[in-house]
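Residue-level structural notes
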Amino acid sequence: MSTNQNVSGHISKEEFENQSIFPVGRPNDAFAQYFIGQSYLCPVVTEGVPVFNVTFEPGCRNNWHIHHASKGGGQTLICVAGSGWYQEEGKEAVRLNPGDSVYIAPGVKHWHGAAADSWFSHLAMEIPGEDTSNEWLEPVGDEHYSKL
Ligand code: MN
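This write-up is about the structure you can find in this document. All values derive from a computational prediction rather than experimental measurement.

1. A few points about the overall build of the protein chain
- A count of helical and extended segments in the protein chain gives 2 helices and 15 strands.
- Radius of gyration (C-alpha) of the protein chain: 14 Å, near the 15 Å computed for a compact globule of 148 residues.
- The buried share among the 148 residues of the protein chain stands at 40%.
- Long-range contacts, defined as pairs at least 24 residues apart, comprise 72% of the intrachain contacts of the protein chain with a sequence gap of at least 6.
- When the accessible area of the protein chain is evaluated, it comes to approximately 7,600 Å², of which 52% is carbon and sulfur surface.
- Positive and negative charge centroids in the protein chain, built from 8 and 18 side chains respectively, lie 2 Å apart.

This is the structure we're talking about:
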């Protein structure tokens, strides 16, 4: 994991739009049931290892979830614009700013999403593996999120 300590705090919509070099894409309707708030999805690479740009409005986050695999698998995130959070169960949440990356091992319960006051985009890559699946769990409630 890398951390860019020079960029933090509130990111306005205008700053976010200036930072982002990938389109926001369409409302992420297919996965909306697993998110609090509005997210957007844009395919960036559609062959080989697919890469998606996922954008979260301020306060938007996905539910706790697990990327399962019997071999290989997991997920890599690379923040490309704005500011957000990544958290593994039992650990402190980590702030993600442009250029920061996270490798999420298979089987690790976690969530990712925007900061309360900033738009946030990350590239997401599902790492190829065997018997891969995503298990969606409980939402990240306000009582948890508001303490970050
Ligand atoms: Mn994930």
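2. Here's the deal with the coordination of the manganese ion
- Those protein atoms acting as donors to the manganese ion are H65 (NE2), H67 (NE2), Q75 (OE1), H110 (NE2) and H112 (NE2), and they sit at 2.2 to 2.3 Å.
- Motif for the manganese ion, donor spacing along one chain: H-x1-H-x7-Q-x34-H-x1-H. For the pair formed by H65 and H67, the shared burial category is buried.

3. What about the nonpolar core?
- In terms of nonpolar packing, the biggest core is built from 13 residues, with F56, L77, Y86, L96, V102, I104 and F120 touching the most fellow members.
- Those elements giving two or more residues to this core turn out to be β4 (51-56), β8 (75-82), β11 (101-104) and β13 (120-126).
- The contact partners of I104, leaving out residues within four places of it in the chain, are H67, G74, Q75, L77, Y86, H110 and H112.
- Within the second largest apolar cluster, 6 residues are counted, among which are W64, W85, W111 and A115.

4. Focus on the environment of A32
- The residue A32 is located in the loop between β1 (26-27) and β2 (35-36) in this model.
- A sequence separation of 30 residues divides A32 from N62, and the C-alpha atoms of the two residues are 8.7 Å apart.

5. Some details on the environment of S101
- With respect to the helices and strands, the residue S101 is situated in strand β11.
- For S101, a relative accessible area of 23% puts it in the partly exposed group.

Analysis parameters
- Residues numbered from 1 in each chain as written.
- Predicted model: local features only at pLDDT ≥ 70, side-chain atom pairs only at ≥ 80, totals over all residues.
- Heavy atoms only, no water.
- Helix = DSSP H or I, 4+ residues; strand = E, 2+ residues; numbered from the N terminus.
- Rg over C-alpha atoms; globule rule 2.2 N^0.38 Å.
- Buried < 20%, exposed > 50% of the residue type's maximum accessible area, 1.4 Å probe, protein only.
- Contact = heavy atoms within 4.5 Å.
- Areas by Shrake-Rupley, 256 points an atom, 1.4 Å probe, with all protein chains shown as cover.
- Lys, Arg positive; Asp, Glu negative; His and termini not counted.
- Charge placed at Lys NZ, Arg CZ, Asp CG, Glu CD.
- Donors = N, O, S within 2.8 Å, 3.2 Å for Na, K, Ca; no water.
- Core = buried A, V, L, I, M, F, W, Y, C linked by side-chain atoms within 4.5 Å.

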